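Close look at the chain arrangement
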Amino acid sequence: QGLLISGALANSCIDFKEGTCPLDELNVVAQNEEVPSALACQNLCNQNSECGFFTWFNNECFLIKSCDYVEKCQGCVCGPSYPSFDTCKWPPGPSCNDFQAQSCPLTETNILDIVEPVTSPGQCQDKCSLSERGCQYFTWYDDMCYLLATCEEYSACEVCISGGLEPDYESCQGPTTGRPVPTTTKAPAPTSNQPGGDCDDFQEGMCPITESNLIILLSNVESASVCQDRCRTYESAKCDWFTFFEKDCFLLRTCDSVDVCQGCMSGPAYPDIDDCNGSSPKPATTTVRPTTPRPVTTTRKPTTTTRKPTTTTRKPTTTTRKPTTTTRKPTTTTRKPTTTTRKP
C-alpha cells in the first residue's frame, strides 16, 4: 500500500504529495486538460461538490473523490482541496512522515551492506550517513541494519523502520512528531475465489529450494502458520507454496516434489494450515534427506539479503513517468495517465 493521506479534518501541508491518488473509474469525478498549475487544479476541485482531492500532472487535472493511498509519480502533485496549495512549501523537504514502518527493497543489487547488531533505527540511519558506499536509504529490522542505494517501493514488514538520510530520525521522536508504528497483518481467510488444495497437501518435508523457485527467505518466523500467512500476503511475486524450517520461511513458486526433511513443514498457500491441525501431515515420498535448507545465493554476503516481505508501494523514481489510471493502483509509464472516466 502507498502512503496514506490524512483525513479531511486534519488536512495540512504535509498532505500534498509528489504522486497520484487512485485514478480508477469510480474515484475520478472529472478530468480537465490545459490546467496550468497544481493550484489551478485545486481550485477546480473546490468548485466541484464531489471533489475532495486532486492529482495534477503536466497541465492535466484529475478531480478525485478520495485518496486512500498515494502512488509515487515524479512530477505529479496530489492532495486535498484545502489548505490552499500556494500557502505550502513545494516541493516539500524531508519530513518525519517520510519514515515508514515498512521495508525498502532488500535485493542483492540494492543492498550496499548489512550491519549488525544495530539496536535502533536512529543508529541505522547514522550507519547509512557514515557509509562510504553511497548509502541513501536504510531499513532497520530486529537489530539488523540494511544500507541501501534506493527505496523505490515499500514492502510490508510489521516490525521494520525505513527512511532516508534526512531528517534526523531521533529528532522525530518527540511528543508532537510521532514515529511509525509497526503493525501486524494477518493473511485473509480463504474465499471462494482463492486457489485451494486440501489438508493432504501439507507434508513434513521440503519443497525444491532452488534459485529459480525461491522467491524470498524470511527469517525469525514463528511458525508454519505464520509462514503460510507471509506467502499469502507477499505481493511482489506470486507465492503458491512455502517451506518452514527452524524459523526460516521459504516462499516458493512451485512444489513439484517434496524431499524428506525432519522438522520441515511444506504446503500450499491455501487452505489454512490451522484448519488442518486435526490431521497429521503426509510424510514426504522421497528418501533423500537434505541438509539445512538455504537458498542459493550469488556474489553477495549473506543469505539474509532476502529477509523481508515486499509490497508494491512505490517511492519516487528518477524518471518522469506518470501513472496509468486503471482499476489498480496507478503505475508509472511514459504516457500521460489514461482513465476510464472520459471527458465529455
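Scroll up to find the structure.
Below: a short report on this structure. What you are looking at is a predicted structure, and each value in this text was computed from that prediction instead of being measured.

Here the structure, examined in full by the defined rule, presents 15 disulfides. A sulfur-sulfur separation of 2.0 Å characterises the disulfide bridge that pairs C13 with C88. Between C13 and C88, the S-S dihedral sits near -75 degrees, and the bridge is therefore left-handed. Remark: C88 occurs in the loop between β6 (77-80) and β7 (111-115) and C13 occurs in the segment before β1 (19-20); sequence separation between them is 75 residues. Disulfide pairing is shown between C41 and C61; the S-S distance is 2.0 Å. As the torsion about the S-S bond is roughly 80 degrees, the C41-C61 disulfide counts as right-handed. One end of the pair, C41, is in helix α1 (residues 38-46); the other, C61, is in strand β4 (residues 60-64), and 20 residues separate them in sequence. Residue classification places C61 among the buried residues on the basis of a relative accessible area of 0%. Of all cysteine sulfurs in the structure, the one in C21 sits closest to C78, which takes part in no disulfide; the separation is 4.0 Å.

This brings us to helix α2 (residues 121-130). Taken together, the buried positions of α2 are occupied by P121, G122, C124, Q125 and C128. Each buried residue of α2 sits inside an arc of 160 degrees when the element is viewed along its axis, so together they form one side. Residues of α2 that are buried make contact with β8 (137-141), β9 (144-148) and β11 (160-164).

Further remarks concern the packing of aromatic side chains. Under the definition given, this model contains six aromatic pairs. Between F85 and W90, the aromatic rings sit 5.5 Å apart at their centres with planes inclined by 55 degrees, giving tilted as the arrangement. Owing to a relative accessible area of 11%, F85 belongs among the buried residues under this scheme. The exposure class of W90 is partly exposed, given its relative accessible area of 30%. Ring centres 6.4 Å apart and planes at 45 degrees place the aromatic pair F99 and F138 in the tilted group. Separated by 39 residues along the polypeptide, F99 in the loop between β6 and β7 and F138 in strand β8 bring together distant segments of the chain. Residues F99 and F138 agree in their burial class; the two are buried.

The rules behind these values
- Residues numbered from 1 in each chain as written.
- Predicted model: local features only at pLDDT ≥ 70, side-chain atom pairs only at ≥ 80, totals over all residues.
- Heavy atoms only, no water.
- Disulfide = S-S within 2.5 Å.
- Helix = DSSP H or I, 4+ residues; strand = E, 2+ residues; numbered from the N terminus.
- Buried < 20%, exposed > 50% of the residue type's maximum accessible area, 1.4 Å probe, protein only.
- Arc of directions from axis to C-beta.
- Contact = heavy atoms within 4.5 Å.
- Phe/Tyr/Trp six-rings, centres within 6.5 Å; stacked < 30°, edge-to-face > 60°.

That's the geometry; what it means functionally is another story.
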